[in-house]
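Per-entry structural report
Chain by chain, the residues run as shown.
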Amino acid sequence: MTREEFVFSVGFQGESAIIDGKARKANKGLDTAGLVEKGLFRAAFCSALFDNNETDMKIVLEAYNSHSGASMKTVDDMKKMLGIYTVPDGIKKITVIN
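Let me sum up the structure you'll find in this document. Predicted, not measured: the structure shown is a model, and the values here were computed from it.

We now examine the packing of aromatic side chains. Counted under the stated rule, the structure contains two aromatic pairs. Measuring from ring centre to ring centre gives 6.2 Å for Phe6 and Phe50, while their planes differ by 35°; the resulting arrangement is tilted. With Phe6 in helix α1 (residues 3-7) and Phe50 in helix α4 (residues 41-50), the pair connects residues that are 44 residues apart, well separated along the chain. Relative accessible area serves as the criterion here: at 1%, Phe6 is assigned to the buried category. Both rings, one in Phe41 and one in Tyr64, keep their centres 5.6 Å apart while their planes meet at 80°; by these two values the pair is edge-to-face. Taken together, the positions of Phe41 in helix α4 and Tyr64 in helix α5 (residues 54-68) put the pair 23 residues apart, joining distant regions of the chain.

Written out as structure tokens, the structure is:
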């Protein structure tokens with residue numbers, strides 16, 4: 001699974017990933033900071049998670065808390081809220097929805 005596929009994934013089923021094609025096309029090439037600037041917090045968190053960048057994960061968490069009024073304290077809280085813990089292994093099929 002590529003970084004771009006993971007960042008714009010909306011779900012997984014078995015060995016398949018479902019990708020938001022419109023979001024990917026509109027935001028292709030943005031780094032974590034660029035995704036945060038656009039308010040795409042889920043995509044930004046996936047970007048940081050894909051890069052295994054704990055500092056960026058904390059930046060996304062703080063930006064999300066500030067924007068939403070949430071009070072999550074840890075990166076693990078953000079993972080639980082989003083239901084995203086790791087980049088999944090074994091993805092063999094990508095389905096793009098528009």
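Past the structure itself, the notes keep going.
Under the 1.5 Å per step criterion, the end-to-end length of α5 is 21 Å for 15 residues, consistent within 8% with the ideal 21 Å. In this structure, the buried side of α5 is in contact with α3 (32-37), α4 and α6 (75-82). Regarding α5, its N-cap is Asn53, as a side-chain oxygen of that residue lies 3.1 Å from the backbone nitrogen of Thr55 further along.

What counts, and at which threshold
- Residues numbered from 1 in each chain as written.
- Predicted model: local features only at pLDDT ≥ 70, side-chain atom pairs only at ≥ 80, totals over all residues.
- Heavy atoms only, no water.
- Phe/Tyr/Trp six-rings, centres within 6.5 Å; stacked < 30°, edge-to-face > 60°.
- Helix = DSSP H or I, 4+ residues; strand = E, 2+ residues; numbered from the N terminus.
- Buried < 20%, exposed > 50% of the residue type's maximum accessible area, 1.4 Å probe, protein only.
- Expected span 1.5 Å × (residues − 1).
- Contact = heavy atoms within 4.5 Å.
- Polar contact = N/O pair within 3.5 Å; in protein donor to acceptor, adjacent residues only side chain to side chain.

Just distances and angles here, no functional claims.
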